[in-house]
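Below are the chains, spelled out letter by letter.
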Amino acid sequence: MRFTLFHEFGLYGTLLYQAMRSSLESTPYRMNLFQEFVKIGYESIPIILLTGVFTGAVMTIQTAYQLGNAFIASSIIGSIVTQSLLIELSAVISSLVLAGKVGARIATELGTMRVSEQIDALESMGLNSVSFLVVPRILAGMLMFPVLYVVAAATGLTGGLLTGVLTDTLPAFEFMKGARMFFFPWDVLFGMIKSIVFGFIITSISCYKGYYATGGAEGVGQSTTQATVLSCMYILVADFVLASLLL
Amino acid sequence: MNPTLDANSPAETPSEKTLIQVRGLSKSFGSTVVWNDVNLDVYKGETLAVIGRSGCGKSVLLKHFNALLTPTSGDVLVDGVNIFELDYVGLRQIRQRFGILFQGGALFDSISTYENIAFPLRVFTTLSDAEIRDRVMEALERVSLAHAAERSTAELSGGMRKRVGLARAIILNPEVLMYDEPTSGLDPQTSDEINDLIVALSESLNVTSIVITHDMHSVLKIADRVVFLHDQALHWMGTVEQLKQSNDGPLRDFVRASEYSLA
């Protein structure tokens with residue numbers, strides 16, 4: 001068990017080292033990088049919009065419910081919703097959703113390529129498969145996740161504001177007043193830093209699990225499951241570490 | 001264990017014709033030994049068949065010839081250069097001298113048949129689109145699949161996938177063509193077509209061929225020399241004629257089990 005854990009960390013570290021070295025040695029293949037921008041970024045927008053809107057809406061309803069009987073200005077609901085979304089929920093919830101969508105896709109793709117010898121075929125042509133397959137995915141993840149965070153935060157705030165208005169809980173101007181009252185640019189920066197880290201965690205773990213997949217269809221299935229579960233787990237751990245260090 | 005070398009076997013007399021030298025090669029996965037102390041020469045222009053039971057490590061041996069796998073111990077020398085001591089650039093140059101047909105074709109399923117074959121040219125050459133088109137169509141014509149250029153790889157049959165894999169393997173004009181079970185999973189007629197193709201490519205491209213197979217019909221049709229892996233070792237090697245006359249017990253058993261009569 002202990003050996004397996006060391007072995008796993010060793011392989012993961014080796015893959016990251018190879019990725020770092022190959023990205024310094026050669027320009028990552030641009031076509032693949034562009035494709036990953038589209039797959040990780042553009043194609044994730046619908047699910048991020050949905051996640052953002054409902055997170056904001058639920059936050060508004062629950063905060064209003066919790067503060068319902070307190071003698072506090074209703075604009076505070078806007079403050080709490082805004083800060084919660086910017087600091088925590090937009091980054092974490094969207095990343096957990098993306099661990100399923102992006103992480104599973106990457107692990108399955110690379111795992112299938114591994115067990116069907118497509119990665120061997122790339123290597124046998126003289127291509128650096130890590131540079132070709134892993135580097136573009138990790139780079140695209142680290143660059144696209146902050147963008148998706150901004151989209152999630154913006155739609156979350158919109159969802160929260162609209163929910164307040166439509167349920168007669170909170171007028172729009174009160175929500176905006178509260179949002180502005182406790183808005184700190186650092187919160188947005190913090191959310192973006194978190195999303196870069198989460199993007200790295202999801203793409204690197206999924207690449208690792210897919211790249212070293214073994215055992216046919218069942219093995220690819222196991223790799224995909226492990227990639228998703230491990231990504232979610234390490235997102236929560238990293239969330240705690242970053243909050244402890246940066247707040 | 002030293003392999004049985006039939007009298008006058010070319011393997012006994014390495015010469016300037018030697019392209020690949022395998023020296024003391026051993027491979028284990030964890031505690032599982034695949035084979036030990038394999039010594040073997042591959043000569044320029046010959047077709048070498050590697051035979052043996054399923055799971056005896058034929059494909060594993062093949063993947064050591066271009067360093068897709070690294071051995072537990074031992075060396076593989078290509079033109080006298082130990083490929084396991086090369087840096088990535090040196091290894092890339094060696095790998096591009098080899099073309100390999102993988103067991104299932106290993107076609108990239110996200111792109112078309114045409115793009116699969118064009119892929120090495122796009123990555124490693126500065127050819128124009130028109131030149132790439134000419135080269136790809138020429139390769140497809142060699143494998144009689146010019147009509148399937150724009151098909152998705154998912155639409156291809158098993159035999160077609162192997163032929164597309166072969167077209168991709170020859171597109172960079174390799175010196176060595178390696179075939180991993182080229183006829184497995186194919187009907188006898190398609191297998192025969194693939195065998196004919198291997199012979200035709202060996203002659204027309206003047207390449208050295210290494211064929212992993214357990215199909216004795218293929219062996220007798222295409223091979224100049226045969227290597228038999230058995231009991232975690234290189235058990236026997238010799239020419240096809242020597243194979244036909246050999247009285248080696250495990251080799252005779254293997255040939256008999258494949259329901260092929262030598263005499």
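Computed from a predicted model, the values in this text were never measured in an experiment.

With that settled, the discussion passes to the interface of chain B and chain A. Counting from both sides, the interface comprises 22 residues of chain B and, opposite them, 16 residues of chain A. Buried surface at the junction of chain B and chain A, summed over both partners, amounts to about 1500 Å²; 59% is from carbon and sulfur atoms. When the area that chain B buries against chain A is broken down by residue, the three leading residues are Tyr 88, Phe 108 and Phe 119 of chain B, summing to 29%. Scanning the region where chain B abuts chain A turns up 3 salt bridges. Between Glu 117 of chain A and Lys 63 of chain B there is a salt bridge whose closest N-O contact spans 2.8 Å. Here chain B and chain A share 10 residue pairs in polar contact (both at pLDDT 80 or more) between them.

Turning next to the side chain of Thr 208 of chain B. Residue and element names in this part refer to chain B. Among the structural elements, Thr 208 can be located in strand β9 (residues 208-212). Only 2.8 Å separates the side chain of Thr 208 from the backbone nitrogen of Gly 45, close enough to count as a polar contact. Ignoring sequence-local partners within four residues, the contact set of Thr 208 consists of Leu 19, Val 42, Tyr 43, Lys 44, Gly 45, Glu 46, Glu 175, Val 176 and Leu 177.

Excluding glycine, a negative phi dihedral is what most residues carry, and trans is how most peptide bonds are arranged. Phi angles above zero are rare outside glycine, and Glu 117 of chain A is one such case at about 65°. Residue position: Glu 117 of chain A is located in the loop between α4 (75-115) and α5 (118-124). Glu 117 of chain A sits in the buried class, given a relative accessible area of 14%. Positive phi outside glycine occurs at Ala 67 of chain B, with the angle close to 60°. A relative accessible area of 9% places Ala 67 of chain B in the buried class.

Residue and element names in this part refer to chain B. Burial within helix α1 (residues 58-65) is extensive, with 7 of its 8 residues counted as buried. Buried residues of α1: Lys 58, Val 60, Leu 61, Leu 62, Lys 63, His 64 and Phe 65, and no others. Phi turns positive one or two residues past the end of α1, at Ala 67, with a value near 60°.

Another aspect to go through is the environment of Pro 46 of chain A. Residues and elements named next belong to chain A. For Pro 46, the position within the fold is in helix α3 (residues 45-66). Accessibility expressed as a relative area gives 52% for Pro 46, which makes it exposed. For the pair Pro 46 and Leu 133, spaced 87 residues apart in sequence, the C-alpha separation works out to 25 Å.

On to the packing of α4 of chain A against helix α6 (residues 129-166) of chain A, then. Residues and elements named next belong to chain A. Where α4 contacts α6, the two axes come as close as 8 Å, and the packing angle between them is 145°. Between α4 and α6 lies a crossing whose hand is right-handed. Within the contact of α4 with α6, the residues separate by chemical class into 14 nonpolar, 5 polar and 3 charged.

Residues and elements named next belong to chain A. The contact between α6 and helix α8 (residues 185-211) brings their axes to 7 Å, and the two run at 150°. Taken together, α6 and α8 sit at an angle that is classed as roughly antiparallel. Note on packing geometry: the crossing formed by α6 with α8 is right-handed. When the residues that make up the contact of α6 with α8 are grouped by side-chain class, the tally is 16 nonpolar, 7 polar and 2 charged.

Moving on: the nonpolar core. Nonpolar side chains in soluble globular proteins generally cluster together in the buried interior. Ranked by internal contacts, the top residues of the largest apolar core, which has 79 residues, are Ile 20, Phe 65 and Ile 210 of chain B. Among the elements that line this core, the one with the most residues is α6 of chain A, at 13 residues. If near-sequence neighbours (up to four positions away) are discounted, Ile 20 of chain B is found in contact with Leu 40, Asp 41, Val 42, Phe 65, Val 76, Leu 77, Val 78, Phe 98 and Ile 210 of chain B. Counting residues in each nonpolar core, the second largest holds 33 residues, with Ile 117, Val 136, Leu 145 and Ile 171 of chain B among its members.

Residues and elements named next belong to chain B. Ordered by their spatial adjacency, 4 strands build an open sheet running β3-β2-β5-β6, and the pairing between neighbours is antiparallel. What marks the edges here is a single partner per strand, and that holds for β3 (32-43) and β6 (81-82). Bridge analysis of strand β2 (residues 18-29) against strand β5 (residues 73-78) gives 5 bridges, and the strand direction is antiparallel. Note that in β5 the partner of Arg 23 across the bridge is Asp 75. Seen against the sheet, α1 touches β2, β3 and β5 and runs at an angle of roughly 125° to β2.

The full count for this structure, using the stated rule, is 25 salt bridges over all chains. For Arg 225 of chain B, the salt bridge goes to Glu 46 of chain B, with nearest N and O atoms at 2.8 Å. Taken together, the residues Arg 225 of chain B in strand β10 (residues 225-230) and Glu 46 of chain B in the loop between β3 and β4 (47-52) connect sequence positions 179 residues apart. Each member of the salt-bridge network shares a partner with another, and the members are Glu 36, Lys 39, Arg 105, Glu 109 and Arg 137 of chain A.

Let's shift gears to the packing of aromatic side chains. Counted according to the given criterion, the structure contains 7 aromatic pairs over all chains. Each ring, one from Phe 132 of chain A and one from Phe 119 of chain B, has its centre 5.6 Å from the other, and the planes form 80°; the classification is edge-to-face. With Phe 132 of chain A in helix α6 and Phe 119 of chain B in helix α3 (residues 113-124), the pair connects residues from two separate chains. Judged by relative accessible area, which is 11%, Phe 132 of chain A ranks as buried. Phe 119 of chain B sits in the buried class, given a relative accessible area of 13%. Members of the aromatic cluster, connected to one another through ring pairs, are Tyr 12, Tyr 208, Tyr 211 and Tyr 212 of chain A. Sitting above the plane of the Tyr 211 of chain A ring, Arg 114 of chain A keeps its charged end 4.7 Å from the centroid.

With that settled, consider the confidence of the model for chain A. The share of residues in chain A with pLDDT of 70 or more is 96%, and the mean pLDDT across the chain is 92. Mean pLDDT in chain A bottoms out at helix α1 (residues 2-25) of chain A, which sits at 83, and peaks at α8 of chain A, which reaches 97.

All names here are of chain B. Averaged over all residues, the pLDDT of chain B equals 89, while 92% of them reach at least 70. Taken as a whole, residues 7-13 scores under 50 in pLDDT and shows 15 contacts with residues more than four places along the chain or in a different chain. We note a pTM of 0.86 for the whole complex and an ipTM of 0.86 for its interfaces.

How each quantity is defined
Residues numbered from 1 in each chain as written. Chains lettered and ligands numbered in written order. Predicted model: local features only at pLDDT ≥ 70, side-chain atom pairs only at ≥ 80, totals over all residues. Heavy atoms only, no water. Contact = heavy atoms within 4.5 Å. Buried area = accessible area lost by both parts, 1.4 Å probe. Salt bridge = Lys/Arg side-chain N within 4 Å of Asp/Glu carboxyl O. Polar contact = N/O pair within 3.5 Å; in protein donor to acceptor, adjacent residues only side chain to side chain. Helix = DSSP H or I, 4+ residues; strand = E, 2+ residues; numbered from the N terminus. Buried < 20%, exposed > 50% of the residue type's maximum accessible area, 1.4 Å probe, protein only. Axes fitted to C-alpha atoms, helices over the stretch in contact; angles between N-to-C directions. Left-handed = near helix turned anticlockwise from the far one by under 90°. Nonpolar A, V, L, I, M, F, W, Y, C, P; charged D, E, K, R; others polar. Parallel < 35°, antiparallel > 145°, perpendicular 65-115°, else oblique. Core = buried A, V, L, I, M, F, W, Y, C linked by side-chain atoms within 4.5 Å. Pairing = 2+ DSSP bridges. Phe/Tyr/Trp six-rings, centres within 6.5 Å; stacked < 30°, edge-to-face > 60°. Lys NZ or Arg CZ within 6 Å of the ring centre and 35° of its normal. pLDDT = per-residue confidence, 0-100.

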